[in-house]
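For reference, the chains in residue letters:
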Amino acid sequence: MATFLYRLGRGAFRRRGIVALIWVALLFAAGFGAATAAAPTSGSFSIPGSEAQKAFDLLDERFPGMSADGATARIVVKAPEGAKITDPGPKAEVQKIVTGLKSGPGGEQVSSVADPYETHAVSQDETTAYISTKYDVSGMELKDATRDALKESGKDAKAAGLNVQIGGDALMAAPETGSGEVIGILIAGIVLVITFGSLIAAGLPLLTALIGVGIGVSSITALANVLDLGSTTSTLAMMIGLAVGIDYALFIVSRYRAELAEGRERDEAAGRAVGTAGSAVVFAGLTVVIALVGLAVVNLPMLTKMGVAAAGTVVIAVLVALTLVPAILGFAGKKVLPAGQKSKLFGKGKPAGTKEKPNGGTRWARFVLRRPVMVLLAGVIGLGVIAIPASKLEMGLPDDGAQPVSTTQRQAYDMLSDGFGPGFNGPLLVVVDGDKALADKTVDRIKGLDGVAMVTPPNPNKAGDAAVITVIPKDRPSSTQTENLVHEIRDGNGDDVFVTGATAMNIDFSQKMNDALLPYLALVVGLAFLLLMLVFRSVLVPLKAALGFLLSVVAALGAVVAVFQWGWLGSLFGVEQTGPIMSMMPIFMVGVVFGLAMDYEVFLVTRMREAYVHGERPGQAVVTGFQYSARVVVAAAVIMIAVFAGFIGASEQMVKMIGFGLAVAVFFDAFVVRMAIVPAVLALLGHKAWWLPKWLDRLLPNVDVEGESLRKHLAKESADGPEGPGKSRELVNA
């Protein structure tokens, strides 16, 4: 592989014009496809095999149109202090809102508006009422005029002294690129400038990463409606694509500069950089793809599509690093070198035999080699302590009750809870597959359960062979008591009664994610273990990599639980409401962080393996790996932490949690596991670290990620005489 990549990199360098033109053409083609495609929707959501999904399927069959995916809104209106919502003045204002929603701007997308005085949607103390509004399309497909009309619907009522707030998914807007990503890119640029000492070298990884992400995200947008991809798919692809895109280009450029420092010609340096660092990029990319495609294990179509789409963006990032990066290096010339070293790196200005001062990576590696036990214990115990809160992890899905107090969704949620009870925000929909007698029996049984606040009479379909019952729990939707109530209703009604609704779907979703976590971990870590065994020709190095990753992820989950579930340091991160951890968070962190962690593992340890194969002692090989790779790995980790941390400032609790969790996980994995625990373990293992049974060595194909075959190939060409370079050119041109 190293020889093939050498040819690819050198060929891209020499034919840089054609290579750059192809990538620019792909970017324009993808951009044109995205610009002409219909806007992405929120994507269909289903949980195959769950009881909530079976209930929805039954509703589609027996109550056509009832389970349509159109957006909904609740306009909650509260009378002024001392007045009632049934008084003539407040009542007139409420009915004006109803009329405005039906006939005002965007009214053509409204399917129904319920008058609260006709549907009995008035609280017992007659201070609060709510208007239920349904739309023909999802929240993502609402026109701006429709959404604006909803937001302005209570303007006159507010002027009259009423408190009007709006909840529901109709206010949901497509995710926009906020300041977090911009700040992350700016910090990435600063880190790259400090790392490389050259604006051109710093800008190159950013440019190529943005081109790769542009092609990937535009392609996803162009295919969103055809493949039913949710709007969040492109956000995930952008986050991961930007992360790995910068990392991979950073690795190639760093190795290219190192090859130039050894006095090689520019095209030769580009070929060797892609042949060596490019091999690490290929296998690091494969681990990310495995982690993302492995999300199919969860058996959630939405999650599977997100993973495959993001994996496609990673593949594009790998191809960009292997072809576009060496092509742009050809255009950049010597400008990728630090300002004061453009002559020194070619031997013009540095006296022969000058002894270089050890860099920070070298000094740190030597420190760890002197005290491996102390460093290992400090790292493992420290992460172990931080991981303790993860044992109390509670999973769920956030609703409007998790929104910041300042938002209208949260205020509407609180007003409904105060006026109608905590469980009113999470009604349960019980679907009975049977006649009226079975429905009445089901109602009587549910009324006898402790956690029930109210049960409506059964609403049968036209054929009389099915009915729908609405159950209002006593407790809030995300509470343990409501979850227990759902299980009680399901357990006592046989195979003809199903519970669904947003609350039941959330419970089933959380259970599905919880059940899939261990199989997903086993699949991802197992496949990556085999892949790393191919790369490093070792059993213990991949095992160490996998165990270290698990330690960092569990520690990161512990930090997430401490901040977002327990509220520790919550005010520091803007956490206004504690609650269960988002159900998708653990498996999402495993997939994303595993891929990024293996990037650092492959790039750092590949240099050590390369040095060891070329004759260095195990301890010295660790030092050599840190000498050449530590600075780049640290820079890559800081960039990723900055990108993810930018999301902590978001108002959405879910986005805030993802940003915090990923930033902390990358910090733990890069700085504690890869930079401390890894060298300490390798120092203690010595030669045993690179042990592989002979029978297994014979079975495994040799992928030669450290470039030994490439080195032999180039040495043979040099030994052939003056014609060697010519032969090399012929080889590349072939």
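This write-up is about the structure you can find in this document.

Some remarks on the overall build of the protein chain
Along the protein chain, the regular secondary structure elements total 24 helices and eleven strands. For the protein chain, buried positions account for 53% of its 734 residues. Counting contacts in the protein chain only where the partners sit at least 6 residues apart, residues at least 24 apart contribute 78% of the total.

Notes on the packing of helix H10 (residues 266-293) against helix H19 (residues 585-613)
Between H10 and H19, the least distance of the axes is 8 Å, while the angle of their chain directions is 160 degrees. The angle between H10 and H19 places the two elements in the roughly antiparallel class. The handedness of the crossing between H10 and H19 is right-handed. Mapping the contact onto sequence places Ala277, Ala280, Ala284, Gly285, Thr287, Val288 and Ala291 in H10 and Gly591, Phe594, Gly595, Met598, Asp599, Val602, Phe603 and Thr606 in H19. Class assignment of the residues belonging to the contact of H10 with H19 gives a composition of nine nonpolar, five polar and one charged.

Details of a nonpolar patch on the surface
On the surface, Val373, Leu377, Ile381, Val385, Ile388 and Leu684 cluster together to form a nonpolar patch covering roughly 560 Å² of accessible area. The greatest single-element share of the nonpolar patch, amounting to four residues, is contributed by helix H13 (residues 372-387). Mapped onto the elements, Ile388 comes out in the loop between H13 and strand E5 (395-396).

Examining the sheet that holds strand E4 (residues 163-167)
Whether parallel or antiparallel, the strands of a sheet pair through hydrogen bonds between backbone atoms. Pairing is antiparallel across the open sheet formed by four strands, whose spatial order is E2-E3-E1-E4. Looking along the sheet, the strands with just one partner apiece sit at the ends: strand E2 (110-113) and E4. Going from strand to strand, the sheet's axes swing by 20 degrees on average, the running direction of each strand aside. Pairing of E2 with strand E3 (residues 128-135) involves three bridges; the strand directions are antiparallel. Residue pairing across strands places Val113 opposite Thr133, the latter belonging to E3. Where helix H14 (residues 408-420) meets the sheet, its contacts fall on strand E1 (72-78), E3 and E4, and the angle it forms with E4 comes to roughly 110 degrees.

Here we look at the pairing of strand E9 (residues 467-473)
For E9, the buried fraction is high: six of the seven residues fall into the buried class. In the sheet, strand E6 (residues 428-432) pairs with E9 via five bridges, with the strands oriented antiparallel. Its bridge partner being in E9, Leu428 is matched across the sheet by Val471. Where strand E7 (residues 452-455) and E9 come together, three bridges link them in antiparallel fashion. Paired with Val455 across the bridge in E9 is Val471. Relative to E9, strand E8 (residues 459-460) runs antiparallel, the two being bridged by two bridges.

About the criteria used
- Residues numbered from 1 in each chain as written.
- Predicted model: local features only at pLDDT ≥ 70, side-chain atom pairs only at ≥ 80, totals over all residues.
- Heavy atoms only, no water.
- Helix = DSSP H or I, 4+ residues; strand = E, 2+ residues; numbered from the N terminus.
- Buried < 20%, exposed > 50% of the residue type's maximum accessible area, 1.4 Å probe, protein only.
- Contact = heavy atoms within 4.5 Å.
- Axes fitted to C-alpha atoms, helices over the stretch in contact; angles between N-to-C directions.
- Parallel < 35°, antiparallel > 145°, perpendicular 65-115°, else oblique.
- Left-handed = near helix turned anticlockwise from the far one by under 90°.
- Nonpolar A, V, L, I, M, F, W, Y, C, P; charged D, E, K, R; others polar.
- Patch = residues over 30% accessible without salt bridge, like charges linked within 9 Å, V, L, I, M, F, W, Y side chains within 5 Å.
- Areas by Shrake-Rupley, 256 points an atom, 1.4 Å probe, with all protein chains shown as cover.
- Salt bridge = Lys/Arg side-chain N within 4 Å of Asp/Glu carboxyl O.
- Pairing = 2+ DSSP bridges.

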